[in-house]
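Working through the structure, step by step
Below are the chains, spelled out letter by letter.
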Amino acid sequence: MSYFLWIEDFEGGHPKITSSYVLSSILDENALPDTVRQLKTHLKTQGIFLETNMQDSLNFIRNRLPEIDYIILDIDFPAIDKNNEINQDVLALLKNFEDYSPLENENDNVAQLQNKCDRLKEIAGFYLYTELIFELGFPKSHILFCSNHGENTKTIQKAFKDAKIALPPIYQKSDVAVKEWVKNGYDNPYSRLRRGIIEGCQYLKTLTETEFRFNEFIKEEDKEIGLMDLFNYISVLETLLPLQEPKNKEYFYKLFVRTLAHEWEAAEPKKLNNQNELFSFSWIMKMSRNWLAHSKIFEKLTAQDVAYLFMVNIRAMFDLGNKLVGYEKILLNLFEPISATDLKAKIGNDFKDRKLPLVENYAQVLKATGNTYQAINFHDALSNLQKYKINENEPEFFVKGLYQTFWFLTSNGGVFIPSEEQVKKFSVLNYQFRYFDYHKKDTEDYLFELARHIYNRSFS
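First, a word on scope: everything that follows refers to the structure included in this document. (Residues numbered from 1 in each chain as written. Predicted model: local features only at pLDDT ≥ 70, side-chain atom pairs only at ≥ 80, totals over all residues. Heavy atoms only, no water.)

**Examining the overall build of the protein**
When its secondary structure is counted, the protein shows 20 helices and seven strands. Counting every position in the protein, which comprises 460 residues, the buried fraction comes to 51%. Considering only contacts in the protein between residues 6 or more positions apart, those separated by 24 or more positions represent 74%. Surface summary for the protein: the accessible area is close to 21900 Å², and the carbon and sulfur share equals 47%. (Helix = DSSP H or I, 4+ residues; strand = E, 2+ residues; numbered from the N terminus. Buried < 20%, exposed > 50% of the residue type's maximum accessible area, 1.4 Å probe, protein only. Contact = heavy atoms within 4.5 Å. Areas by Shrake-Rupley, 256 points an atom, 1.4 Å probe, with all protein chains shown as cover.)

**Re empty space enclosed by the protein**
Evaluation of the coordinates by the stated rule reveals one cavity of 30 Å³ or more. Here the largest cavity is characterised by a volume of approximately 50 Å³. Around the largest cavity, the lining residues are Phe281, Met311, Val312, Arg315, Leu324, Glu328, Leu332, Tyr446 and Leu450. Element by element, the count of residues in the lining of the largest cavity is highest for helix H13 (residues 303-317), at three residues. Tallied by class, residues from the lining of the largest cavity come to seven nonpolar, no polar and two charged. (1 Å grid on protein atoms, 1.4 Å probe; cavity = no way out; pocket = protein on both sides within 12 Å on 5 of 7 lines; lining within 4 Å. Points joined across faces, edges and corners; volume = space filled by probe spheres on them. Nonpolar A, V, L, I, M, F, W, Y, C, P; charged D, E, K, R; others polar.)

**Overview of the sheet that holds strand S4 (residues 143-146)**
Sheet architecture is open: five strands sit in the order S2-S1-S3-S4-S5, paired in parallel fashion. Edge positions in the sheet fall to strand S2 (48-51) and strand S5 (170-171), since each has one partner strand and no second. Bridging between strand S1 (residues 4-7) and S2 involves four bridges; their strand directions are parallel. Looking at the pairing, leucine 5 lines up with phenylalanine 49 of S2. Strand contacts of helix H1 (residues 15-23): S1, S2 and strand S3 (70-73), with the helix running at about 135 degrees to S1, the strand carrying the most contacts. (Pairing = 2+ DSSP bridges. Axes fitted to C-alpha atoms, helices over the stretch in contact; angles between N-to-C directions.)

**As for the pattern of salt bridges**
For the coordinates displayed, the defined rule picks out 24 salt bridges. Among the ionic pairs, aspartate 187 bridges to arginine 192, the shortest N-O distance being 3.4 Å. Classification of aspartate 187 as partly exposed rests on a relative accessible area of 32%. For arginine 192, a relative accessible area of 8% translates into the label buried. (Salt bridge = Lys/Arg side-chain N within 4 Å of Asp/Glu carboxyl O.)

**Observations regarding the pairing of S4**
Residues Ile143 and Phe145 of S4 are buried on one face, and the alternating residues Leu144 and Cys146, pointing to the opposite face, are buried as well. Pairing between S3 and S4: three bridges, direction parallel. When the sheet's bridge partners are listed, leucine 73 is paired in S4 with phenylalanine 145. The sheet contact formed by S4 and S5 spans two bridges and is parallel. When the bridges of S5 are listed, cysteine 146 appears paired with tyrosine 171.

**A word on the packing of aromatic side chains**
Scanning the model with the defined rule gives 29 aromatic pairs in all. For the ring pair tryptophan 6 and phenylalanine 10, a centre distance of 5.4 Å and an interplane angle of 80 degrees mean the geometry is edge-to-face. Comparing tryptophan 6 with phenylalanine 10, the two get one shared label, buried. One aromatic cluster is present, formed by Phe97, Phe126, Tyr127, Tyr129, Phe145 and Phe160 through successive ring pairs. The ring of tyrosine 186 is capped by arginine 192, whose NZ or CZ atom sits 5.6 Å from the centre of that ring. Positioned above the aromatic ring of tyrosine 446, the side-chain terminus of arginine 315 is 3.6 Å from the ring centre. (Phe/Tyr/Trp six-rings, centres within 6.5 Å; stacked < 30°, edge-to-face > 60°. Lys NZ or Arg CZ within 6 Å of the ring centre and 35° of its normal.)

**Describing the layout of surface pockets**
In this structure, the largest pocket encloses a volume near 500 Å³. Considering the residues around the largest pocket, the lining is formed by 18 residues, among which Pro78, Ala79, Ile80, Asp81 and Lys82 are closest to the centre. Here the element with the most residues in the lining of the largest pocket is helix H5 (residues 106-122); it accounts for six residues. Considered class by class, the residues forming the lining of the largest pocket number nine nonpolar, three polar and six charged. A volume near 410 Å³ is recorded for the second largest pocket. For the lining of the second largest pocket, the secondary-structure elements that each account for two or more residues are helix H4 (88-97), H5, helix H6 (124-135) and helix H7 (153-162). Counting residues per element, the lining of the second largest pocket draws most heavily on H6, at six residues. Of the residues assigned to the lining of the second largest pocket, the class counts are eight nonpolar, three polar and nine charged.

**Quick look at H5**
The terminal C-alpha atoms of H5 lie 25 Å apart, and with 17 residues this matches the ideal 24 Å at 1.5 Å per residue to within 8%. Within the span of H5, buried status applies to Asn109, Gln112, Leu113, Lys116, Cys117, Leu120 and Lys121. Structurally, the start of H5 carries an N-cap: the backbone nitrogen of asparagine 107 is 3.0 Å from a side-chain oxygen of asparagine 105. (Expected span 1.5 Å × (residues − 1). Polar contact = N/O pair within 3.5 Å; in protein donor to acceptor, adjacent residues only side chain to side chain.)

**A few points about helix H18 (residues 395-409)**
The first and last C-alpha atoms of H18 sit 21 Å apart over 15 residues, in line with the 21 Å expected at 1.5 Å per residue. The largest bend along H18 reaches roughly 30 degrees and is located at tyrosine 403. Burial analysis of H18 places 13 of its 15 residues in the buried class, which makes it a mostly covered element. (Bend = angle between axes of the 7 residues up to and from the residue.)

**A closer look at the side chain of serine 2**
Looking at where serine 2 falls in the secondary structure, it is placed in the segment before S1. Reaching out from serine 2, the side chain makes a polar contact with the backbone oxygen of glycine 185 at a distance of 2.8 Å. Ignoring sequence-local partners within four residues, the contact set of serine 2 consists of Gly47, Asp69, Tyr70, Gly185, Tyr186, Asn188, Ser191 and Arg192.

**Focus on the nonpolar core**
Formed by 77 residues in total, the largest nonpolar core has its most connected members in Leu193, Tyr308, Phe310 and Phe406. Ranked by the residues each element gives to this core, the list is headed by H13, at 11 residues. Filtering out sequence-adjacent residues up to four positions away, phenylalanine 310 remains in contact with Gly196, Ile197, Gly200, Cys201, Leu237, Phe256, Leu260, Tyr327 and Leu331. Val90, Ala124, Tyr127 and Tyr129 belong to the second largest nonpolar core, which has 60 residues in total. (Core = buried A, V, L, I, M, F, W, Y, C linked by side-chain atoms within 4.5 Å.)

**Some words on the environment of phenylalanine 214**
Of note, phenylalanine 214 is situated in the loop between helix H9 (189-204) and helix H10 (227-239). Residues phenylalanine 214 and isoleucine 225, spaced 11 residues apart in sequence, show a C-alpha to C-alpha distance of 8.1 Å.

Dropping the structure here:
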């Protein structure tokens with residue numbers, strides 16, 4: 001999911017109806033509460049932050065803007081909550097743009113403040129919009145103006161005209177375009193990837209040294225990573241992808257993966273604590289690091305691929321337990337999963353005598369190196385194909401191989417054994433495969449969930 005800030009005062013008094021107009025393309029409208037307070041709590045669990053006045057909204061965008069990806073913005077809404085005092089931020093707006101100057105007489109000053117706040121209310125959306133665009137650099141394409149106060153359209157039109165700023169489209173909340181805009185933002189793969197990475201990095205910053213295990217992969221002669229180095233590494237990953245989806249996003253994907261895998265230069269894959277998955281994850285990251293230095297395999301990565309490598313890398317570097325973590329749920333939504341039942345059926349049936357292009361191609365490596373009959377680990381075969389530049393111009397072949405490495409090295413098999421005759425004929429070779437034992441049966445087990453989400457990407 002992508003995260004939203006929704007600024008709406010529900011002046012018409014129908015929170016559930018208004019919410020249904022705006023959010024029903026991504027949320028169950030029957031589950032929406034009837035009161036603003038309940039709605040605010042409910043929406044927060046869905047990644048939507050609701051603010052109902054200028055003062056709180058201004059505080060949010062000035063202090064918490066990295067927490068959200070898109071903004072739904074009303075035209076007019078109160079300057080302050082009825083129960084709050086005016087803070088210095090709103091007073092500064094009134095002084096700078098509404099000609100407010102404190103009066104000596106307290107009653108006169110209260111009346112003046114009320115008058116100025118009423119004027120501010122009419123174009124509150126304009127002030128927030130310009131702050132977002134010109135002061136905070138928030139992209140215009142990530143802001144949607146929508147309001148049912150049609151009578152105030154001329155007021156805000158004048159505000160934009162006087163400021164010599166192009167008026168953005170303003171929609172009625174009931175317009176179909178509003179639902180479509182929200183849906184497109186919520187499901188946008190780039191935004192979802194970026195949000196999952198940010199949430200993941202913020203989560204990692206809450207962990208203690210006891211959860212960090214990457215130094216166990218470091219060779220003894222090399223320097224271990226300190227906590228400050230680790231913090232800097234996470235902070236770089238957190239900010240590497242820009243908020244607005246770049247036209248050359250593949251460049252940013254490659255840059256991100258290069259930064260992600262860099263630490264594996266001094267690391268060696270291991271099966272820590274007898275966990276096959278750690279052996280798998282460490283090999284995936286080690287191969288990624290090596291290929292980034294010596295090939296163009298990562299030129300056309302997708303959001304799915306970056307999410308996969310991020311999850312694999314973090315699971316290798318940190319002990320996060322067996323349950324799915326919140327950021328992983330965001331990232332796994334980028335994939336088209338198969339059901340738990342279907343996965344078990346496929347493991348039992350589809351993999352019997354399954355054939356992969358890699359096996360066929362590896363026969364060429366065996367012939368080129370003079371080898372004949374031998375058992376070959378999948379990751380060694382994949383690495384040697386890259387080393388001998390076989391399928392060099394097919395990056396998808398190798399990226400998919402990184403997914404298939406997961407299946408081989410989390411299994412109890414993971415090798416194929418060609419005969420001399422098979423090698424000579426360059427025929428497709430069968431391999432042995434058994435999926436890892438399910439040590440957890442519930443759907444929150446991260447390894448099982450990762451498997452059923454990446455299955456189609458691995459073998460389609």
